[in-house]
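# Fold and geometry: a report
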Amino acid sequence: MNSAPIPSPDMHDRRRRLSQQRLLASLTLLLVLIAWLYGYLAGGNDIAALVADVVPGAVRVERRGDLLRAFAPGGVLLGYVGLGRASGYGGPVEVLVGVSPEGQVLSLRVVGHHETPGFFRLLDSQGFYAQFPGRTIDAPLRPGVDLDAVSGATLSSEAVASAVRLALRTVAQDGLQQSRPPERHPIRFGWPETILVLLYATGYVGHRLPEARWKRRLRWATLLAGMLVLGFLYTAPLTLAMVISFLSGYWPSWQDHIYWYLLLGGILFVTTTQGKNPYCSWFCPFGAYQECLGTLTGAKLYRPRRLHDALTWLQRGLALVGVLLGLALRRPGAASYEPFATLFDLRGTVSQWGLLLLVTVASLLVYRPFCNYLCPLAPVVDYIGEGRRWLRERVRQWHASRSSP
Amino acid sequence: MARQPFEPLNQGLLLAFLATSVGLIAHIWVESLTVPPTHGVVVARLSAPTPAGTVTPRPPTPAGLRPTTTPTATWEDLYEFER
């Protein structure tokens, strides 16, 4: 008769840790769901109450969908107000645009956004909003055509311009009864998207190379390309804000944001199907920056055994707090704390510069300090990997139970 | 066993690095999240008023809006500023 093997103390310990981790993973999921629900229920603006800001003198407002009409005392029509929404860096940007009865833009106000405040402020300080009032309703209003985009907040400025165009379209069609051709959404597939696809492909091939020397060379090539192109040239690394936007349901239009889908979708796809993280070790621009610094001094990975668990949970804790804040307040850009844009775009607050300086110095002493102790993306990818493992176990058990007599 | 760089001084340095970083991250969050998302965004406005005769002086900052009880047939919501 075969007796079941007696589990060793080590195995007991491993099982106990695994069940603890799974309990915490379930609690994390519960907290994320609660934060999501809170953010969903707490959102929303009373748009009509803000009309007096864009049409001065309005005392009465009528609303139909995204169009509002503003009246002076005595029922004199002062103007129209259109509400427009477009996808920005962290989620939808909403603007109210006041238009005179003759079709001239009177004013605009951003009534909601999910961008990083430090960068979104640039739109105001660099006079981006001041370009709109006085324009006619049929002006192109496109950055690079008749508007100056804001360096360092390109996505946000494009989102505001796009939202204004949509608001003006609503005013033109439903308020001024002017017919408009449908808005064209050309598919934007440029250099960043092409480079990203190439990096994925190179990472996929490089990961399978049998010879370590070539694998190492190819990895360095993708790392440097990632740092130079996705980092310094386009400032488009993966951020926690993207993950929170994804969870919040702030999915941008695919025609304008193929890069967003390729980067986030690609990582989710590879992590869930292959159980591997293709981004961090192969082409993360900030990881490459740290690794370059570490190579200069020969910095090694440092993870004292007695601090191992504490370091792991510190990193996970930071990621969890960031996700919960971002979801509960529906502000992905504000919850993201990585100093990526500070390095690649040379913009940031004192704290962001401080963090970048600290990580830069630490990178000379320890291998990839931000990636190994602080980055919120590694725990997110680990969490997906853990979910994948759990699911595979369940499927295996289900198959075993079906095949056993 | 491979020699750990900077041991044992490194452990103190590492903890100092982590403590400072976490402090800075907390400060970044406070900076970002205490700015209201919509308020504080400057309204860009045409300096010249709308056509003569149609603009009345702007009322005092409205305390709020109340839906009227007589919505029109075509406009689904109707609001009036409390004056």
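Quick note: structure is the one above.
Residues numbered from 1 in each chain as written. Chains lettered and ligands numbered in written order. Predicted model: local features only at pLDDT ≥ 70, side-chain atom pairs only at ≥ 80, totals over all residues. Heavy atoms only, no water.

### A closer look at unusual backbone geometry
Residue and element names in this part refer to chain A. Filter applied, for reference: The way it works is that DSSP assigns letters per residue, a run of H or I at least four long becomes a helix, a run of E at least two long becomes a strand, and they are numbered from the N terminus. Only protein chains enter the calculation, and the probe is 1.4 Å; a residue is then buried if its accessible area is under 20% of its type maximum, exposed if over 50%, and partly exposed in between.
Not every positive phi belongs to a glycine, and Arg 330 is a case in point at roughly 50°. Tracing the chain through its elements places Arg 330 in the loop between helix H10 (308-328) and helix H11 (332-335). Within the chain, Arg 368 stands out as a residue other than glycine whose phi angle is a positive 45°. Positionally, Arg 368 belongs in the loop between helix H13 (350-363) and helix H14 (369-374). Given the relative accessible area of 5%, Arg 368 is considered buried.

### Focus: the packing of helix H5 (residues 191-208) of chain A against helix H6 (residues 212-233) of chain A
All names here are of chain A. The cut-off we apply is this: Between the N-to-C directions of two axes lies an angle of 0 to 180 degrees, each axis being a line fitted to C-alpha atoms and, for a helix, fitted only over the stretch in contact. For this classification, under 35 degrees means roughly parallel, over 145 means roughly antiparallel, 65 to 115 means roughly perpendicular, and everything else is oblique. Note on convention: the crossing is left-handed when the near helix lies turned anticlockwise from the far helix by less than a right angle, right-handed when the turn is clockwise. Here, two residues are considered to be in contact whenever any of their heavy atoms come within 4.5 Å of each other. Gly is placed with the polar residues, together with every amino acid not listed as nonpolar (Ala, Val, Leu, Ile, Met, Phe, Trp, Tyr, Cys and Pro) or charged (Asp, Glu, Lys and Arg).
Packing of H5 against H6 leaves a shortest axis separation of 10 Å and a crossing angle of 160°. When the axis of H5 is compared with that of H6, the two are roughly antiparallel. The element H5 and its partner H6 pack so that their crossing is left-handed. Every residue of H6 that contacts H5 at Pro 192, Ile 195, Leu 196, Leu 199, Thr 202, Gly 206 and His 207 is listed here: Lys 215, Leu 218, Thr 222, Ala 225, Gly 226, Val 229 and Leu 230. For the contact of H5 with H6, the residue count by class is 8 nonpolar, 5 polar and 1 charged.

### Considering a nonpolar patch on the surface
Residue and element names in this part refer to chain A. Where we set the bar: Exposure above 30% relative accessible area and the absence of a salt bridge qualify a residue for a patch, where like charges join within 9 Å and nonpolar side chains (Val, Leu, Ile, Met, Phe, Trp, Tyr) within 5 Å. For the area figures, the Shrake-Rupley method with a 1.4 Å probe applies, and any residue is considered shielded solely by the protein chains shown. We define a salt bridge as a side-chain nitrogen of Lys or Arg found within 4 Å of a carboxyl oxygen belonging to Asp or Glu.
A contiguous nonpolar patch, built from Leu 23, Leu 24, Leu 27, Leu 30, Leu 31, Ile 34 and Trp 313 and spanning about 650 Å² of accessible area, is present on the exposed surface. For the nonpolar patch, the element with the highest residue contribution is helix H1 (residues 9-42), accounting for 6 residues. By the element assignment, Leu 31 lies in helix H1.

### Comments concerning the environment of Leu 50 of chain A
Residues and elements named next belong to chain A. Examined against the element boundaries, Leu 50 turns out to sit in the loop between H1 and helix H2 (51-54). We classify Leu 50 as buried; its relative accessible area is 17%. For Leu 50 and Ser 351, which are 301 residues apart along the polypeptide, the C-alpha to C-alpha distance reads 33 Å. Ignoring anything within four residues of it in the chain, the contact list for Leu 50 reads Leu 96, Arg 109 and Val 111.

### Brief notes about empty space enclosed by the protein
Residues and elements named next belong to chain A. Convention followed: With a 1 Å grid laid over protein atoms only, a set of points is called a cavity when a 1.4 Å probe fits there but cannot get out and a pocket when it is open yet has protein on both sides within 12 Å along at least five of seven lines; lining residues have an atom within 4 Å of a point. Grid points are joined across faces, edges and corners, and a volume is the space filled by probe spheres set on the points.
This model, assessed by the stated rule, comprises 1 cavity of 30 Å³ or more. By volume, the largest cavity is sized at about 30 Å³. Around the largest cavity, the lining residues are Ser 87, Gly 88, Tyr 89, Gly 90, Gly 91, Ser 245, Tyr 250, Pro 252 and Trp 260. When the residues that make up the lining of the largest cavity are grouped by side-chain class, the tally is 4 nonpolar, 5 polar and no charged.

### Overview of the pairing of strand E3 (residues 77-87) of chain A
Residue and element names in this part refer to chain A. Applied cut-off: By this definition, two strands are paired if DSSP reports at least two bridges between them.
For E3, a buried count of 8 out of 11 residues is recorded, marking the element as mostly surrounded by other parts of the structure. Of the strand pairs in this sheet, strand E2 (residues 67-71) and E3 are connected by 5 bridges, and their pairing is antiparallel. Across the sheet, the residue bridging to Leu 68 is Val 81, located in E3. Linkage of E2 to E3, two consecutive antiparallel strands, is achieved through a turn of 5 residues, within which Gly 74 is found at a positive phi near 90°. Examined bridge by bridge, E3 and strand E4 (residues 92-99) share 8 bridges and lie antiparallel to one another. Opposite Ser 87, over in E4, you have Pro 92 as the bridge partner. Counting the residues in the hairpin turn of E3 and E4 gives 4 residues, including Gly 91, whose phi is positive at 160°.

### Here we look at the packing of H1 of chain A against helix H15 (residues 377-403) of chain A
Helix-helix packing is characterised by the crossing angle of the two axes and by the distance between the axes. All names here are of chain A. H15 packs onto H1 with a crossing angle of 115° between their chain directions and a minimal axis gap of 12 Å. Classified by chirality, the crossing of H15 by H1 is left-handed. Mapping the contact onto sequence places Leu 18, Arg 22, Ala 25, Thr 28 and Leu 29 in H1 and Tyr 383, Glu 386, Arg 389, Trp 390 and Glu 393 in H15. In the contact of H1 with H15, the residues fall into 5 nonpolar, 1 polar and 4 charged.

### Some thoughts on the packing of aromatic side chains
Keep this limit in mind: Between rings of Phe, Tyr and Trp, where Trp is taken as its six-membered ring, a pair exists when centres lie within 6.5 Å; planes separated by under 30 degrees are stacked, by over 60 edge-to-face, and by other angles tilted. A ring is considered to have a charge above it if a Lys NZ or an Arg CZ atom is located within 6 Å of its centre and within 35 degrees of its normal.
Under the criterion given, the structure shown has 14 aromatic pairs over all chains. Relative to Trp 29 of chain B, the ring of Tyr 337 of chain A lies with its centre 5.3 Å away and its plane at 90°, an arrangement referred to as edge-to-face. Here Tyr 337 of chain A, found in the loop between H11 and helix H12 (340-345), pairs with Trp 29 of chain B, found in helix H1 (residues 9-33), and the two come from separate chains. A relative accessible area of 0% means that Tyr 337 of chain A is categorised as buried. Among the aromatic residues, those joined into a ring-pair cluster are Phe 286, Tyr 289, Phe 340 and Phe 370 of chain A. Lying over the aromatic face of Phe 71 of chain A, Arg 60 of chain A brings its terminal NZ or CZ to 4.8 Å of the ring centre. Its guanidinium or amino end placed over the ring of Trp 214 of chain A, Arg 217 of chain A lies 5.0 Å from that ring's centre, counting from NZ or CZ.

Functional significance is not addressed by these values, which are geometric in nature.
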